[in-house]
Amino acid sequence: MSDKFEFIGAGDKPALLAFSTPEWLETVKLGVEELGYKVHTAATHGDFVIRFSQVHYQLVIVEERFAANTLEENLTLQALQQMPMSQRRHATVVLLGDSFQTFTPLQAFRQSVHAVINTSELFLIRQLVEKAVADNDMFLHSFREVQNRVLSSTR
């Protein structure tokens, strides 16, 4: 499942997918690529952590049971939840699984992600990802604007 090394350019939109279910991975990968993302896949929890630490992914989608039998055993999700916000603010994080109701804010908040998507709606993955990213961009717009001004004034 893991990709070989691939250069990420300044104009690229990198995405990282962490799936154990091959059919879901393929569906999500195609939808995300249609949105113009350069997609990388993680084969294991360790692979995910290494990739996430090396690239500022704009989009991260994790299956609720990635490399685990239950949501609670998902080490990748646990790692994301425990990271300081400054390490993951650059990415829109989406959690996909059977136990969620799509775009339920409380479920997303409880899992420390930006959005949750139910697998029954995979046929709409392109539109759902597009909405999740737009919602996150709108939510963080003011923060990013101020951050850019502060960085510009310190140079």
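Residues numbered from 1 in each chain as written. Predicted model: local features only at pLDDT ≥ 70, side-chain atom pairs only at ≥ 80, totals over all residues. Heavy atoms only, no water.

Student: Which residues make up the packing of aromatic side chains, and what values do they have?
Tutor: Aromatic ring pairs are defined here through the distance separating the ring centres and the angle between the ring planes. For the coordinates displayed, the defined rule picks out 1 aromatic pair. The side chain of K131 reaches across the aromatic face of F103, ending 5.2 Å from its centre. (Phe/Tyr/Trp six-rings, centres within 6.5 Å; stacked < 30°, edge-to-face > 60°. Lys NZ or Arg CZ within 6 Å of the ring centre and 35° of its normal.)

Student: Could you give an account of helix α3 (residues 75-82), naming the residues involved and the relevant values?
Tutor: When α3 is considered as a whole, its buried residues turn out to be T76, L77 and L80. Summarising the axial view, the buried residues of α3 lie within an arc of 95°, below the 170-degree limit, and thus occupy one face. Looking at the buried residues of α3, the elements they touch are α2 (45-54), β3 (59-63), α4 (85-88) and β4 (92-97). With a side-chain oxygen positioned 3.1 Å from the backbone nitrogen of T76, the residue opening α3 is N74. (Buried < 20%, exposed > 50% of the residue type's maximum accessible area, 1.4 Å probe, protein only. Helix = DSSP H or I, 4+ residues; strand = E, 2+ residues; numbered from the N terminus. Arc of directions from axis to C-beta. Contact = heavy atoms within 4.5 Å. Polar contact = N/O pair within 3.5 Å; in protein donor to acceptor, adjacent residues only side chain to side chain.)

Student: So what's going on with the environment of A15? Which residues, and what values?
Tutor: Looking at where A15 falls in the secondary structure, it is placed in strand β1 (residues 13-18). By relative accessible area, which is 0% here, A15 ends up buried. C-alpha of A15 to C-alpha of Q58: the two residues are 43 residues apart in sequence and 5.9 Å apart in space.

Student: Residue-level account of the sheet that holds β4, with values.
Tutor: What the 5 strands build is an open sheet, ordered β2-β1-β3-β4-β5; its pairing is parallel. With one partner strand each, in any of the chains shown, β2 (37-42) and β5 (115-118) form the two edges of the open sheet. With direction set aside, neighbouring strand axes in the sheet form an average angle of 20°. The pairing of β1 with β3 spans 4 bridges and is parallel. When the sheet's bridge partners are listed, A18 is paired in β3 with V62. The strands that helix α1 (residues 22-34) touches are β1, β2, β3 and β4; relative to β2, the one it contacts most, it runs at about 160°. On the sheet, α2 packs against β1, β2 and β3 and is oriented at approximately 145° with respect to β2. (Pairing = 2+ DSSP bridges. Axes fitted to C-alpha atoms, helices over the stretch in contact; angles between N-to-C directions.)

Student: Could you give an account of α2, naming the residues involved and the relevant values?
Tutor: Regarding α2, the residues found buried are D47, F48, R51 and F52. Angular distribution of buried residues about the axis of α2 spans 125°; they occupy a single face of the element. Exposed residues pointing more than 90 degrees away from the buried face of α2 are listed as S53 and Q54. Buried residues in α2 make contact with β1, β2, β3, α3 and α4.

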